[in-house]
Structures are given as C-alpha cells and as structure tokens.
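What follows is the residue order along each chain.
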Amino acid sequence: MSVVKINVLTVPAEQREVLEKRFASRAHAVENSDGFEWFELLRPVEGTDQYLVYTRWRDEESFQAWMEGPMKSAHQGGGEGGERPKPAASGSTLWSFEVVQQAAPGNA
C-alpha cells in the first residue's frame, strides 16, 4: 500500500500568508511526479502554529525520487537578486507512515 509523508511546519502568525502564497504559486508542482497520489496543505485552526503538508505516494522510492529531483530543485530556486527568500516556517519535522487501511465513500 501507499506511504504518507506529513511535513509539520511551525509557522509564526505573521508568516502564514507568506507560506500559503508560496504553496499556491507552486500549485501543480508535484502532481506529475511518478508515484504521487495526493497532496493537502492543512492550516491550523486553533491551539497550534503548525501547518501540515500531507502527501501520499505509491511507495517510498517514489517519494525519495521526488525529494532528490523536483522538490530539491524547487527549494534551490533564487528570489530577487538570485537570493533564496527567507523560509516562512521556523521549524520542520517529517512524519512517515505506511497506509495499512483505507476507505472511500460508498458512492465513489
């Protein structure tokens, strides 16, 4: 079954809009990657300053290939003057899971 990667990003309140705009500007950057199955950016509602970046992949190898290719390239891009923009997140932790059970709506 699939693997799920959740990148937990600690984002100060004043950087939330910056983070969301950066993700929006990269919309569709991952969808054509081999083995990619799903993406969601989850905004905290209350009690935390952590965003969750949820991706699901066919297997670990597909995720690693994306990390070493398209993702690495996207994060090495330069901003104005060739400098990388300051990260919107002040911290990041990657959680990894294997999907052991799943369900979809009965009418899907």
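Data block above holds the structure.
Because the structure is a prediction, the values reported are computed rather than measured.

About the thresholds
Residues numbered from 1 in each chain as written. Predicted model: local features only at pLDDT ≥ 70, side-chain atom pairs only at ≥ 80, totals over all residues. Heavy atoms only, no water. Helix = DSSP H or I, 4+ residues; strand = E, 2+ residues; numbered from the N terminus. Contact = heavy atoms within 4.5 Å. Areas by Shrake-Rupley, 256 points an atom, 1.4 Å probe, with all protein chains shown as cover. Buried < 20%, exposed > 50% of the residue type's maximum accessible area, 1.4 Å probe, protein only. Pairing = 2+ DSSP bridges.

J.: For the overall build of the chain, give the residues involved together with the corresponding values.
T.: When helices and strands are counted, the chain shows two helices and four strands. Starting at the N terminus and walking to the C terminus, you meet the elements of the chain as β-α-β-β-α-β. For the chain, restricting intrachain contacts to residue pairs at least 6 apart in sequence, the fraction spanning at least 24 positions comes to 69%. For the chain, the accessible area works out to roughly 7700 Å², and carbon and sulfur atoms hold 52% of it.

J.: Provide a residue-level description of the pairing of strand β1 (residues 3-10), including the pertinent values.
T.: The element β1 is largely enclosed, with a buried count of seven among its eight residues. As judged from the eight bridges shared by β1 and strand β4 (residues 91-98), these two strands associate in the antiparallel manner. Across the sheet, the residue bridging to Val3 is Glu98, located in β4.

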